[in-house]
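What follows is the residue order along each chain.
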Amino acid sequence: MPAADQNATPPGFGITLDTEAAEPRVVVNGELDLLTSPQLQEALAGLIADKSSQRVVADLTGVTFFDSSALNVVLHAQRQAREQDVELAVVPSSAVSRVIELTGVAEHLSVSEEPPA
């Protein structure tokens, strides 16, 4: 059986970067799991390292599934942002909110219930 293509993107999944907004943002749609989380990590790391803004928004309102690998990516990005004096604002979907609530990591994240403008 052939190995799965590590760069394959599942149907319905997408990441969009908006670097023209006052607050650069990563907009994610679909499932964030072991296969797709590295794409989120790369996008967030790039915006945080750019330091063109004091705040970066992770718009996860379109995320339908959020596993532990995705949570790890967000927590790592939060740590990276703090080290760079950048705020990472996470705007969760109900699936993301549930994982954040169940794992008790809300105090480690800047969670915003307001959709980004």
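See the structure shown above.
What this report covers is the structure whose coordinates are included nearby. Since we're looking at a predicted model, the values are computed, not measured.

The rules we used
Residues numbered from 1 in each chain as written. Predicted model: local features only at pLDDT ≥ 70, side-chain atom pairs only at ≥ 80, totals over all residues. Heavy atoms only, no water. Salt bridge = Lys/Arg side-chain N within 4 Å of Asp/Glu carboxyl O. Helix = DSSP H or I, 4+ residues; strand = E, 2+ residues; numbered from the N terminus. Buried < 20%, exposed > 50% of the residue type's maximum accessible area, 1.4 Å probe, protein only. Pairing = 2+ DSSP bridges. Right-handed = clockwise from strand over helix to strand, strands pointing away.

1. What to know about the pattern of salt bridges
- Per the counting criterion, the structure on display carries 2 salt bridges.
- Residue Arg55 is joined to Glu87 by a salt bridge in which the shortest nitrogen-to-oxygen separation is 3.4 Å. Separated by 32 residues along the polypeptide, Arg55 in strand 3 (residues 55–66) and Glu87 in strand 4 (residues 87–92) bring together distant segments of the chain.
- For Arg55, a relative accessible area of 23% puts it in the partly exposed group.
- Within the structure, one salt-bridge network assembled from shared partners comprises Glu23, Arg55 and Glu87.

2. Thoughts on the pairing of strand 4
- Extensive coverage of strand 4 is indicated by the burial of 5 of its 6 residues.
- Pairing of strand 3 with strand 4 involves 6 bridges; the strand directions are parallel. Among the inter-strand pairings, Arg55 is bridged to a residue of strand 4, identified as Glu87.
- Viewed along the sheet, the connection from strand 3 through helix 2 (residues 68–83) into strand 4 turns out right-handed.
- Tracing the backbone out of strand 4, into helix 3 (residues 94–103) and back to the parallel element strand 5 (residues 110–111) gives a crossover that is right-handed.

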